[in-house]
Each structure stands twice: as structure tokens, then as C-alpha cells.
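# Fold and geometry: a report
Here is what each chain is made of, one letter per residue.
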Amino acid sequence: MTRFRSTPLRLSVMLIAVFTVFISVGLGIAYVIMHRALSTDIALRADQIIAEIRAIPDPEERLERTSEIATAADTSALLIRFEMNGKTIANVPSDLPVGIVTDDEIDLPEPLADSYLVRHANLETGWLTVASGRESLSELQETFIAILGFALLPALMLTSAIGIVVVRRTTARVEAIRGTLHALSEGDFAARVCAPHPDTDLGDISRDLDRMAEAQEAAVGALRQIGADIAHDLKTPIQRVAVRLERLGESDLPEPVRQHLDQASIETAQIIATFQSLLQIAQLEGGQGREAFTSVDLGALLEDMAEIYGPSAEDAGSTLTCSVSGPLPVSGDRHLLSRLVANLIENALRHAPGTEIELSLSGRMLTVRDGGPGIPAGQRDYVLRRLARLEASRSTPGSGLGLALVKAIADLHGADLTLGDAQPGMLVTVTFPG
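This section reports on the structure supplied with the text. Keep in mind that what you see is a predicted model, and the values were worked out from it rather than measured.

What the rule picks out here adds up to nine salt bridges. A salt bridge links Glu52 to Arg65; its shortest N-O distance comes to 2.7 Å. Of the two residues, Glu52 is situated in helix H1 (residues 7-54) and Arg65 in helix H2 (residues 59-72); the sequence distance between them amounts to 13 residues. Among the residues examined, Arg65 registers a relative accessible area of 28% and is labelled partly exposed. A salt bridge links Arg81 to Glu83; the shortest N-O distance between them is 2.8 Å. Assessed through its relative accessible area of 12%, Arg81 is described here as buried. Using a relative accessible area of 27% as the deciding quantity, one classes Glu83 as partly exposed. One network of salt bridges, with partners in common, ties together Glu52, Arg65 and Glu68.

Listed below in C-alpha cells is the structure:
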């Protein structure tokens, strides 16, 4: 059913159906016309013989002429019987009913047609029966069956084979275009159709799509570079401001001034952390860090993180549990993987305080489940973007980079990150490659 949704397939099936109907209707009309013509000719043949016998005035000559016709006639083409004054001239042993008579109704060892058209005529001096063979109609039917079997069916098979080839080639091009669009929508801006582009409408679409993807990749790359450059250029001056604020805090200042100074230090530290996260995400998206990959036991790492964050969960009124099926060695950076798990735990503590937070590792699947409000299905892709926050006012603490950093780390390690519904709460799943 899914394959039949393909437009090329539906068009091919439609064209083959139209071709079949057109040829079938044409053959049907030709058959009807020829059948009528032959039926008329068969009836005319019987009527001509009756008219010929009727035109002979002398009864004896009628008998003689009937005998000549019966002797010379091919029984598969003509059966005749004439009864007059107790005399019978016939090449058929019994009377035949008027209308169409099949060979099964005729008791005659001679070669017979499949059926006959029977005519009766009262000639005053006798009773004349003429049966004209309908063998030509049977031959016509066989001829049209032969045409159907040796012309139409091979033509349909050839047309269908050509249609299948065209559909497969067209479907492959459509699937390549669809796959590229899907990859681009998922954030893979390096995706291209990467297929031969013949001079067709699909070829034009493929070329336009590749050009659009190149432009989009260049634009996104430029934006990322601008963001990284801004973060890098502002990081050092802000760190200097933080150092100056720290030194100023060592001075003897009035309490109101100190309170403002402490608040400025907190805000400055948050700005530095935001810039640091932006830079790290840009570096991870650029592939930096793979050279430091080693074998990391993900099971042991998860247990260590649960032990580290256990007191923080208690302070927040939550419970943090950890379930590990066994050791799971993966190729990766232990520091980055720890940051991934830490961000997920902190995100659960921030948005689902007072609930149970479950860490688990089963097979190659790491999950973090909480009992909070969760994230609406339509916004789960949005929250994985940098600086994305569900709260429009952005009044709560946070920079909107936690889950974006988690995604960047997961992508660097070739893992699949999905956000789901824990009913209630949010379920984060990170599946590592085998």
C-alpha cells in the first residue's frame, strides 16, 4: 500500500490500464462487427439456397437440384433436407429445429461444424430444411483469442516491464531527493542528492536542491563561525571583568555596594559559562575531541555520576536511583560523557524537583527519567537547539544550552538522542552504536 502511493507507479499503472482498456475495447468492437458480418453471411447463404430451390417450378427438378446440392456439399458447411410426396433428399438423417443447433444434436458421422444456423421453408410441394455451418464464427473467435494471447498479452508484458524499469529509476531519484530533504530537516547540512542528474524535471529539482543545500550549509557554517568568534572574542574581556570584580571584592566596601558587587560577579560567572558552552558546542560540532577517544566503561561512569549527584538530589527533595545491567565499554571521551550525564541530571533536578529521577543502562541504551511536567511533543526538537528555552520570558536561571550540549556530545560519539514521554515526566534516551 505504501509503495502504491508512489506517483510514478500510479501513473504507470494508469497508463497501462488506459492502454489495456483502449486495446480491449478496440478488439471488442472489431470482434462484434466481424461477428455480425459473418452471421449475416451465414444467414444469407441459407436464404440463397432456399430462394434457389423455391425458384425451380418443377417438383422433380427441385428434388434433383436438392440432391446435387446435398451430394456436393461439405457437411461442415451445409446440411440440407427436402421432403416431398414421401420422398426425402438429405445429407442429414433427421429434422433439425429452427435456430442455432450444435453438433451434439446432430446424429451424423461426417465432419460437422460446431454449430449450424437452421432455416425451414414450406415450398407447397414439400418441406425444405437448410442448415448453414457457423464454423467461420468459431474460427473468428479462435483468431481473436490468438490475437489476445500472442499480441495483446506480450504487449502488456513488455509495457509493464518498461513501466517497472521507469518506475524504479524514477522512484530511486525521488527517494534520493526525499532522503536529502529529510537529512537537511534533521540538521545534516552536508546532505546532497549525489545522483546522476539527467536533463529532466527531476534532474532540475535535484540540481536546485543541491544548490540550496550548499547555500544553507554555507549560511549555517557562517553563523556558527560568527557565534564561535563572538563567544571567543568576548570570553577574555569578560574573564578580565570577573577578575577585577573579584579583586574589588577583597576591598573594604560598604554592605550595599558589596551586595551589588556579589550579584555582578554571579552574573559575570553565568555569562562566562554561557560563552564557554557555546564555544564547546561549536568545537564538538566541528568534530574536535575524537582524537582523544579511549575505551570508557559507561556503566561505571553512570554509577559514579549517580553517587556524585545523590546529595544534590536529596537537597532538592528528589530521589536519584541508578540501574546498570553491567559494564558497557564504549569508545569516547570520559570527560564529555560525564558532562552529558551531568547535564541530563541537572536538567531533571531543575525542571522536576521533588520527583524520582531514574538513571538506567540496559544494553547500549542509557535513559534518564523524571516525574516532572515533561516537554510537549511538538517542542522536543526545538529544545535541542542552542539557547532554546520553553519559557518565553526567560526569567528562570539557565541559558538554554544544556540539552544542546548533550546533543553535540551524543552526535560526536555517534549516539542517537531522543526525547520522549515518561507519562508523566520526560524520558531521555541515548543509544550508543554497537
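Okay, the sheet that holds strand E1 (residues 78-84) next. Strand order in the open sheet formed by five strands is E2-E1-E5-E4-E3, and the pairing between neighbours is antiparallel. Whereas interior strands pair on both sides, the edge strands pair on one side only; in this sheet they are strand E2 (87-90) and strand E3 (99-102). Averaged over neighbouring strand pairs, the angle between their axes works out to 20° when direction is ignored. Of the pairings in the sheet, the one linking E1 to E2 comprises four bridges and is antiparallel in character. If you follow Met84 over to E2, its bridge partner there is Lys87. Against the sheet, H2 contacts E1 and E2, and its axis sits at roughly 155° relative to E1.

Rules behind the numbers
Residues numbered from 1 in each chain as written. Predicted model: local features only at pLDDT ≥ 70, side-chain atom pairs only at ≥ 80, totals over all residues. Heavy atoms only, no water. Salt bridge = Lys/Arg side-chain N within 4 Å of Asp/Glu carboxyl O. Helix = DSSP H or I, 4+ residues; strand = E, 2+ residues; numbered from the N terminus. Buried < 20%, exposed > 50% of the residue type's maximum accessible area, 1.4 Å probe, protein only. Pairing = 2+ DSSP bridges. Axes fitted to C-alpha atoms, helices over the stretch in contact; angles between N-to-C directions. Contact = heavy atoms within 4.5 Å.

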